[in-house]
Amino acid sequence: MSSENDAGNGRAVMRYIAPVVVTLAVFFAVAALGGLTESEGKEALRVISDAFTVPGAVVGGAGALSWTASKGAYDIFGYVGSLVLDRLVPGHAVKKRQTVSYSEYRTRKEERGRRWLREWFVVGLADIVLGAVFAVWFSLK
């Protein structure tokens, strides 16, 4: 039983790797473009604040968008896309057997289950908090 729990925790930790890697990549890019290596004192705090806030907005925004998608907010776009494929690609509708209504499309998506990128949202939120801490530190210095 303990090994099952350890495996579950390992998978949970693995889900955080991608948002952390994206955060680090964007952090270092913003820091380099902001001139962190040439900055010192108050200016360095500003660059670090920006370097945390930008990936926070990107990664957290991706998590927030995935949450709205998990609630079905963008289903209409997927449905319209499938209708366009049915009309433009010969045999596409035949592979799916028939064109379904929007209601059937949503029901099928609900049956498959929807997952959102909670880890991306959490990492993005943590980045924004760190950016705010450095912004406050910058303004107090």
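Everything in this summary refers to the structure shown in the same document.

Thresholds, definitions, all that
Residues numbered from 1 in each chain as written. Predicted model: local features only at pLDDT ≥ 70, side-chain atom pairs only at ≥ 80, totals over all residues. Heavy atoms only, no water. Helix = DSSP H or I, 4+ residues; strand = E, 2+ residues; numbered from the N terminus. Buried < 20%, exposed > 50% of the residue type's maximum accessible area, 1.4 Å probe, protein only. Areas by Shrake-Rupley, 256 points an atom, 1.4 Å probe, with all protein chains shown as cover. Phe/Tyr/Trp six-rings, centres within 6.5 Å; stacked < 30°, edge-to-face > 60°. Lys NZ or Arg CZ within 6 Å of the ring centre and 35° of its normal. Expected span 1.5 Å × (residues − 1). Arc of directions from axis to C-beta. Contact = heavy atoms within 4.5 Å.

1. Digging into the overall build of the chain
Here's step 1: Scanning the chain for helices and strands turns up seven helices and zero strands.
Here's step 2: Starting at the N terminus and ending at the C terminus, the chain contains elements arranged as α-α-α-α-α-α-α.
Here's step 3: Across the 141 residues that make up the chain, the buried fraction comes to 26%.
Here's step 4: If you sum the accessible surface of the chain, you get close to 9,400 Å²; carbon and sulfur atoms cover 67% of it.

2. Digging into the packing of aromatic side chains
Here's step 1: The tally for this structure, following the rule as stated, stands at eight aromatic pairs.
Here's step 2: Both rings, one in Phe27 and one in Phe52, keep their centres 4.8 Å apart while their planes meet at 50°; by these two values the pair is tilted. Residue Phe27 is found in helix α2 (residues 17–34), and its partner Phe52 is found in helix α3 (residues 42–70); the two are separated by 25 residues along the sequence. Here Phe27 matches Phe52 in class, with each residue buried.
Here's step 3: Following the ring pairs from residue to residue traces out a cluster consisting of Phe27, Phe28, Phe52, Phe134 and Trp137.
Here's step 4: Between the NZ or CZ atom of Lys42 and the centre of the ring of Phe138, over which it lies, the distance is 5.2 Å.

3. As for α2
Here's step 1: The terminal C-alpha atoms of α2, which comprises 18 residues, lie 25 Å apart, in line with the 26 Å expected from a rise of 1.5 Å per residue.
Here's step 2: Residues of α2 that are buried: Pro19, Thr23, Phe27, Val30 and Ala31. Around the axis of α2, the buried residues are gathered within 100° of arc, so they sit on the same side. Those residues of α2 that are exposed and aimed more than 90 degrees away from the buried face are Phe28, Ala32 and Leu33.
Here's step 3: Against α3 and α7 (118–140) lie the buried residues of α2.

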